[in-house]
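Read off the chains here:
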Amino acid sequence: MRPTQIWRMPLGRIPQASYYDQKNRPGAALMRARQPYLVKNAVTGVCLLGFVAAVYTWTLKAIGQDDFSDVPIPDAPTQPAHAPHMSTVKSAGSAQ
Amino acid sequence: MRQNAYCPHPTHQATRLATSPHDTEHRKTGALPPAHVRFECPDCGIPVSCSEEHYVSDYESHLEICDTLRQINEDDHDLLSGRLFPEFEYPGPQVAEEAQVNMMNWDTLLYSRDFAAINDDRSMRQATRLLTYPLSIASVLHELSPYSLRDRVTAEGLRSLSALRYTLHPPRSGSGITIAGLRPNPPPVRLFILGARAESSLPREVWIQLAHLFPRVTFHLIFIGPESMANREAEFPLPPRTPQNPFGAIVETGLGGVMKISTYVDYFHTLHEAQMFAPYDPYFDCFVLFHPGLGHPASSFEWSETLPQLLETKVPIICTGYTDYDMRRDMAWVEKEARGEMDIVMKAGENRFRSLRWDLNDADPGDVSCGNWGIWGFRGKRYEADEYRGGGKAEQQTR
């Protein structure tokens, strides 16, 4: 259905009819329209963030380093340390 | 006002019966002859007393309404100031049906209906004064109505409203503009606006806002009442009475194909007895009475003939009232006159989409009211079974 408005040529300064003001901040009408939902949305946001934070905290704690204090650490090995991989074999097998 | 209103000071004689407990007439016990108001209050600019002495001695009772009167005065001057009125530019139909309207309060409704932002309170008052008429009706009939079984609507009311909502929210039928898209269309939803006074002269862009809230539905607004041509002197003389138009009604059809507005300058009982609108279908019809003054002593006798006919149609009737007292008085009058033949559809209470602007009564500056302050609804009582009147089939067989 065609709307019943008449299209007029804008003359002079058109008053701002947007819900945001010149600096793109919400205007009074927008704040009034949001007002019934502010508290409920804030509570929902806090709950969601809290849930996410709880999941992160639990996960990080769960995969954190185990406590090995009850395992006796063996003494250092008696052989002198030498650099590993000193053999001249460079590949696992070669075609002969 | 200086020619109509009388000074409300208690030392004057009363000129009329008090119409409500808040009326200042029942305070008047004195012997001074009634005097017209002459002295203007310096704060609100409205003449409220006949002289400065009476104004000073009655100052406390004036102080209760002085702020409201000042606001009314300023709003009236604002209308005449000749400024640009961006709040009177209304949007077209809702762009997408899926973009639902939020009917929680004025601000959410205007925002979800894509109105231009009305930041200023005064502009909001001017705009809602007109928009209250179509949007009050829409707020009751729409399926996203803020009134529900939990607070205002009764179970019987929900039956009536569900029947209307079945028509007002039709499923998509695959119709289009080609031959293949032809679909049978239901008849228009008829809204009978009885006792129409100022609302019949509202600009048609305001009434078409009602149609924009219900896509794919056609409306027929029928204004009926002896004063339905108020403020419409340019449309006189009425069309001649012909067999096709036996009551000389003005029919306006140039409203985008979604709405037709007819105006009858006559009482509803006359038209009902002539079976002008019969049959009434509770899936399509609804009566709307904007501040009818059903219980008001000056107008209730005019409604006493119409009320039984309205109850007989079993169609829901939505009423509004100027103030809480006005609305309760109407309800009490209807309950008394109906003698049990009526069901409440919606309990009385404040209308969420009332006019935010207060209006002044010219005959009494202390009487401040606002358009459609309260809203309620009733309907003729439906009985599941009829009364047994004897002479049934079983009786005939035993004879």
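Residues numbered from 1 in each chain as written. Chains lettered and ligands numbered in written order. Predicted model: local features only at pLDDT ≥ 70, side-chain atom pairs only at ≥ 80, totals over all residues. Heavy atoms only, no water.

**Quick word on the overall build of chain B**
Helices and strands together make up the secondary structure of chain B, namely eleven helices and twelve strands. In summary, chain B has a C-alpha radius of gyration of 24 Å against a globular reference of 21 Å for 399 residues, a match within 12%. With the principal axes as the frame, chain B shows a C-alpha extent of 85 × 65 × 50 Å. Looking at chain B as a whole, 49% of its 399 residues qualify as buried. For chain B, long-range pairs separated by at least 24 residues make up 70% of all intrachain contacts whose partners lie at least 6 apart in sequence. By element, 54% of the accessible surface of chain B is carried by carbon and sulfur atoms, the whole surface being about 19,700 Å². (Helix = DSSP H or I, 4+ residues; strand = E, 2+ residues; numbered from the N terminus. Rg over C-alpha atoms; globule rule 2.2 N^0.38 Å. Buried < 20%, exposed > 50% of the residue type's maximum accessible area, 1.4 Å probe, protein only. Contact = heavy atoms within 4.5 Å. Areas by Shrake-Rupley, 256 points an atom, 1.4 Å probe, with all protein chains shown as cover.)

**Some thoughts on the interface of chain B and chain A**
Across the contact, 24 residues belong to chain B and 17 residues belong to chain A. Note that Arg32(A) and Asp107(B) form a salt bridge whose closest N and O atoms lie 2.7 Å from each other. The interface formed by chain B and chain A contains seven residue pairs in polar contact (both at pLDDT 80 or more). By residue number, the principal contributor to the side of chain B that touches chain A is helix α3 (residues 106–112) of chain B, which donates four residues. (Salt bridge = Lys/Arg side-chain N within 4 Å of Asp/Glu carboxyl O. Polar contact = N/O pair within 3.5 Å; in protein donor to acceptor, adjacent residues only side chain to side chain.)

**Some thoughts on the packing of aromatic side chains**
Residue and element names in this part refer to chain B. Going through the model one piece at a time under the given rule, you end up with 18 aromatic pairs over all chains. With centroids separated by 5.5 Å and ring planes inclined at 85°, the aromatic side chains of Tyr 264 and Phe 277 adopt a geometry described as edge-to-face. Pair noted here: Tyr 264 is in strand β6 (residues 259–264) and Phe 277 is in the loop between α7 (268–273) and β7 (285–289), with a separation of 13 residues, a long-range link. Members of the aromatic cluster, joined through ring pairs, are Phe 192, Tyr 264, Phe 268, Phe 277, Tyr 280 and Phe 287. (Phe/Tyr/Trp six-rings, centres within 6.5 Å; stacked < 30°, edge-to-face > 60°.)

**Structural notes on unusual backbone geometry**
Residue and element names in this part refer to chain B. A cis amide bond, omega -5°, links Phe 236 with the succeeding residue Pro 237. Tracing the backbone through its elements, the reader meets Pro 237 in the loop between β4 (219–224) and β5 (250–252). Between Ala 278 and the following residue, Pro 279, the backbone shows a cis peptide bond with an omega angle of -5°. By the element assignment, Pro 279 lies in the loop between α7 and β7.

**Digging into the pairing of β7(B)**
Residues and elements named next belong to chain B. Most of β7 sits out of view: five of its five residues are buried. Side chains Asp 285, Phe 287 and Leu 289 of β7 all project onto a buried face; the interleaved residues Cys 286 and Val 288 project onto the opposite face, where all are buried too. Summarising the sheet, strand β3 (residues 189–194) and β7 pair through five bridges and their orientation is parallel. Residue pairing in the sheet places Ile 193 in a bridge with Val 288 of β7. Pairing of β7 with strand β8 (residues 317–321), which is carried by three bridges, proceeds in the parallel orientation. By the bridge assignment, Phe 287 is partnered in β8 with Ile 317. (Pairing = 2+ DSSP bridges.)

**Regarding the sheet that holds β4(B)**
All names here are of chain B. With mixed pairing, the eight strands of this open sheet are ordered in space as β5-β6-β4-β3-β7-β8-β12-β9. Two strands lie at the open edges of the sheet, namely β5 and β9 (342–350), each paired on one side alone. Strand-to-strand twist in this sheet, taken as the mean axis angle between neighbours without regard to direction, amounts to 15°. Strand contacts of helix α6 (residues 204–212): β3, β4, β5 and β6, with the helix running at about 125° to β6, the strand carrying the most contacts. (Axes fitted to C-alpha atoms, helices over the stretch in contact; angles between N-to-C directions.)

**Overview of the UniProt feature "domain: Mitochondrial splicing suppressor 51-like C-terminal" (unreviewed entry) in chain B**
Mapped onto the present numbering, the UniProt feature "domain: Mitochondrial splicing suppressor 51-like C-terminal" (unreviewed entry) falls at residues 173–361 of chain B. Helix and strand shares over residues 173–361 of chain B are 22% and 23% respectively, and the end C-alpha atoms of the span are 50 Å apart. (UniProt positions renumbered as here; feature names shortened; annotations may be inferred.)

**Re the pairing of β6(B)**
All names here are of chain B. The buried count for β6 comes to five of six residues, which makes it a mostly enclosed element. Bridge count for β4 against β6 is six bridges, and the pairing is parallel. Directly across from His 220, in β6, lies its bridge partner Lys 260. Examined bridge by bridge, β5 and β6 share three bridges and lie antiparallel to one another. Bridging from a neighbouring strand, Val 251 pairs with Ser 262 of β6. Linking two consecutive strands that pair antiparallel, namely β5 and β6, is a turn of six residues; a positive phi of about 80° is found at Gly 256 within it.

**Let's talk about the packing of helix α2 (residues 59–80) of chain B against helix α4 (residues 121–141) of chain B**
All names here are of chain B. Two elements in contact, α2 and α4, have axes whose closest approach is 11 Å; the angle formed by their N-to-C orientations is 80°. In terms of axis orientation, α2 runs roughly perpendicular to α4. Here Gln 71, Glu 74, Asp 75, Asp 78 and Leu 79 of α2 come into contact with α4, specifically with Arg 122, Arg 125, Gln 126 and Arg 129. Within the contact of α2 with α4, the residues separate by chemical class into one nonpolar, two polar and six charged. (Parallel < 35°, antiparallel > 145°, perpendicular 65-115°, else oblique. Nonpolar A, V, L, I, M, F, W, Y, C, P; charged D, E, K, R; others polar.)

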